[in-house]
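Summary of structural features
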Amino acid sequence: MTVLFEPLNSGHLRSLMYHDARLQMLHDRVINRMERVDHLANEVEQAAATLVDATRSSAVHALPEDPLSNSSAAFLHLEAGQTIGL
């Protein structure tokens, strides 16, 4: 005898499929958001580097040849990898 009706647990299976699809959608949204944040963080880093370069070049032109002769300007020197605390 062949049973022609769905098993009684089909609602449970449908619920599992729905939750699986919803979880996958949320996962994809999180991944997309993280990629956007990463992209924007790269843009911020590039803008900060541009600002540091512009600050260094304008400070070099504004200072005398011996920057240590002007003690108030000594803080403008940054080594590679240092930040200005932004």
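Treat the numbers as computed from the prediction; the structure is a model and nothing was measured.

A tally of helices and strands in the protein yields one helix and zero strands. Residues counted as buried form 6% of the 86 residues belonging to the protein. Entry remark: accessible area of the protein is about 8,000 Å², with carbon and sulfur atoms responsible for 62%.

Attention now goes to a nonpolar patch on the surface. Together, Val30, Ile31 and Met34 make up a nonpolar patch on the protein surface, roughly 270 Å² of accessible area in all. Within the fold, methionine 34 resides in helix H1 (residues 10–62). When its relative accessible area of 52% is taken as the criterion, methionine 34 is described as exposed.

A cluster of basic residues, Arg22, Arg29, Arg33 and Arg36, forms a positive patch at the surface. With respect to the element layout, arginine 29 can be found in helix H1.

Criteria and cut-off values
- Residues numbered from 1 in each chain as written.
- Predicted model: local features only at pLDDT ≥ 70, side-chain atom pairs only at ≥ 80, totals over all residues.
- Heavy atoms only, no water.
- Helix = DSSP H or I, 4+ residues; strand = E, 2+ residues; numbered from the N terminus.
- Buried < 20%, exposed > 50% of the residue type's maximum accessible area, 1.4 Å probe, protein only.
- Areas by Shrake-Rupley, 256 points an atom, 1.4 Å probe, with all protein chains shown as cover.
- Patch = residues over 30% accessible without salt bridge, like charges linked within 9 Å, V, L, I, M, F, W, Y side chains within 5 Å.
- Salt bridge = Lys/Arg side-chain N within 4 Å of Asp/Glu carboxyl O.
- Lys, Arg positive; Asp, Glu negative; His and termini not counted.
- Charge placed at Lys NZ, Arg CZ, Asp CG, Glu CD.

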